[in-house]
Amino acid sequence: MLPPAARLAARRLLGLASASASASISEAAARRLAPSPIGAAGYAAASRGSISRPFSTALNYHLDSPDNNPNMKWEFTEANMKKVNEILSHYPSNYKQSGIIPLLDLAQQQHGGWVPVAAMDAIAKIVEVAPIRVYEVATFYTMFNRTKVGKYHLLVCGTTPCMIRGSREIEETLLQHLGVKRNEVTSDGLFSVGEMECMGCCVNAPMIAVADYSKGSEGYSYNYYEDLTTERVVEIVEMLRRGETPPRGTQHPERKNCGPAGGNTTLHGEPKPPPCRDLDAC
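Notes on the structure follow.

Conventions used here
- Residues numbered from 1 in each chain as written.
- Predicted model: local features only at pLDDT ≥ 70, side-chain atom pairs only at ≥ 80, totals over all residues.
- Heavy atoms only, no water.
- Helix = DSSP H or I, 4+ residues; strand = E, 2+ residues; numbered from the N terminus.
- Buried < 20%, exposed > 50% of the residue type's maximum accessible area, 1.4 Å probe, protein only.
- Contact = heavy atoms within 4.5 Å.
- Areas by Shrake-Rupley, 256 points an atom, 1.4 Å probe, with all protein chains shown as cover.
- Axes fitted to C-alpha atoms, helices over the stretch in contact; angles between N-to-C directions.
- Parallel < 35°, antiparallel > 145°, perpendicular 65-115°, else oblique.
- Left-handed = near helix turned anticlockwise from the far one by under 90°.
- Nonpolar A, V, L, I, M, F, W, Y, C, P; charged D, E, K, R; others polar.
- Pairing = 2+ DSSP bridges.
- Salt bridge = Lys/Arg side-chain N within 4 Å of Asp/Glu carboxyl O.
- Phe/Tyr/Trp six-rings, centres within 6.5 Å; stacked < 30°, edge-to-face > 60°.
- Disulfide = S-S within 2.5 Å.
- Arc of directions from axis to C-beta.

### Comments concerning the overall build of the protein
Right, so step 1: Along the protein, the regular secondary structure elements total eleven helices and five strands.
Right, so step 2: In the protein, which comprises 282 residues, the proportion classed as buried is 37%.
Right, so step 3: Sequence separation of at least 24 residues holds for 62% of the intrachain contacts in the protein that already meet a minimum separation of 6.
Right, so step 4: Counting every atom, the protein has about 16600 Å² of accessible surface; 56% of that belongs to carbon and sulfur.

Here it is as structure tokens:
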């Protein structure tokens with residue numbers, strides 16, 4: 001008899017296999033990121049978000065929709081093409097594909113916070129690789145959004161230190177205040193809420209990052225807001241709604257950057273050098 005963990009894994013695999021079998025035609029097309037034969041009814045369902053599939057596989061799927069399909073015309077703006085050329089100048093001419101990540105990032109900024117498949121195809125032509133080489137990068141890195149996000153994309157840190165310090169309450173407050181679920185966009189198109197793993201500022205947990213796509217690629221910004229409370233995160237959202245710029249970094253009134261509240265209690269002077277090493281001789 002299988003142990004409980006193995007039985008649970010087997011049930012999940014059976015569930016995935018069942019879901020896969022029921023949508024095999026559209027999934028086969030999705031794996032190629034090519035036009036899918038789902039027809040007009042499928043387009044309508046995709047645009048309404050009524051097509052469901054297991055969450056673990058959803059991240060790597062593409063279903064054609066009216067605003068995201070390979071037949072769309074997409075190109076970098078004239079200003080961004082100058083940035084494209086500057087990015088590619090950093091790499092040897094026979095290694096243009098090394099610029100795929102910064103080009104995807106630039107495309108995402110230009111396109112309002114997400115990268116349609118037509119933009120991936122355009123990048124593939126620029127760096128002279130098969131489109132799949134761009135698709136595999138865009139689907140691997142979760143910071144590339146492949147569906148619409150809000151002009152202000154709010155990312156809640158979900159790693160353990162932030163979770164212990166209340167990140168789940170921060171996320172729940174955001175979702176309730178904005179009236180959306182995770183990864184949904186508000187009806188006015190201003191906000192969306194997602195989760196992001198460790199942002200590298202655990203000492204100031206909990207925290208969120210705000211990707212601001214409201215001003216296009218020229219005015220794009222990406223800022224951290226730390227030491228949050230449920231009340232303060234709502235205030236930040238309302239400031240953004242009014243077009244204001246909240247002060248980034250720690251929101252604790254008694255802290256400066258990552259320093260302790262009330263000021264330093266140690267390191268008031270120049271630290272002593274290690275006695276086992278003559279630093280002046282280095």
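### A word on the packing of helix 7 (residues 117–127) against helix 8 (residues 131–140)
Right, so step 1: Contact geometry for helix 7 and helix 8: axes closest at 8 Å, N-to-C directions at 125°. Viewed along their axes, helix 7 and helix 8 adopt a mutual orientation that is oblique. Where helix 7 crosses over helix 8, the handedness of that crossing is right-handed. Listed contacts from helix 8 to Val117, Met120, Asp121, Ile123 and Ala124 of helix 7 are Pro131, Val134, Tyr135 and Ala138.
Right, so step 2: Residues of the contact of helix 7 with helix 8, tallied by class, amount to eight nonpolar, no polar and one charged.

### Quick word on the sheet that holds strand 3 (residues 207–212)
Right, so step 1: Pairing is mixed across the open sheet formed by five strands, whose spatial order is 2-1-3-4-5. Edge positions in the sheet fall to strand 2 (191–196) and strand 5 (249–250), since each has one partner strand and no second.
Right, so step 2: Relative to strand 2, strand 1 (residues 152–157) runs parallel, the two being bridged by six bridges. For cysteine 157, the partnering residue across the bridge sits in strand 2 and is methionine 196.

### Description of the pattern of salt bridges
Right, so step 1: Summed over all chains, the structure comprises 14 salt bridges.
Right, so step 2: Arginine 168 serves as the salt-bridge partner of glutamate 171, at 3.6 Å between the closest nitrogen and oxygen. Of this pair, glutamate 171 and arginine 168 both sit in helix 10 (residues 167–178), three residues apart, roughly one helical turn.
Right, so step 3: Across the salt bridge formed by arginine 255 and aspartate 227, the nearest N and O atoms sit 3.0 Å from each other. Here aspartate 227 lies in the loop between strand 4 (221–226) and helix 11 (230–241) and arginine 255 lies in the segment after strand 5, a separation of 28 residues in the sequence.
Right, so step 4: We classify arginine 255 as buried; its relative accessible area is 16%.

### Quick notes on the packing of helix 6 (residues 100–110) against helix 8
Right, so step 1: Their axes nearest at 10 Å, the elements helix 6 and helix 8 cross at an angle of 70°. In terms of orientation, helix 6 lies roughly perpendicular with respect to helix 8. Contact with helix 6, carried on its side by Ile100, Ile101 and Leu104, involves Arg133, Val134, Val137 and Ala138 of helix 8 and no other residues of that element.
Right, so step 2: For the contact of helix 6 with helix 8, the class distribution of residues is six nonpolar, no polar and one charged.

### Some words on the packing of aromatic side chains
Between two aromatic rings, the relevant description is the distance of the centres plus the angle of the planes.
Right, so step 1: Throughout the structure, instances matching the rule amount to six aromatic pairs.
Right, so step 2: Relative to tyrosine 141, the ring of phenylalanine 140 has its centre 4.9 Å away and its plane inclined at 85°; by these criteria the two rings are edge-to-face.
Right, so step 3: Judged by its relative accessible area of 59%, phenylalanine 140 is exposed.
Right, so step 4: Residue tyrosine 141 is classed as partly exposed on the basis of its relative accessible area, which comes to 40%.

### Observations regarding the state of the cysteines
Right, so step 1: By the definition in use, this model includes zero disulfides.
Right, so step 2: Here cysteine 157 stays unpaired: no disulfide links it, and the sulfur of cysteine 162, its closest cysteine neighbor, is 3.6 Å away.
Right, so step 3: A disulfide-free cysteine, cysteine 258 has its sulfur positioned 4.2 Å from the sulfur of cysteine 201, the nearest such atom.

### Describing helix 8
Right, so step 1: Val134, Tyr135, Val137 and Ala138 are the residues of helix 8 that are buried. Projected down its long axis, helix 8 carries its buried residues within an arc of 165°, all on one side.
Right, so step 2: Considering only its buried residues, helix 8 is in contact with helix 6 and helix 7.

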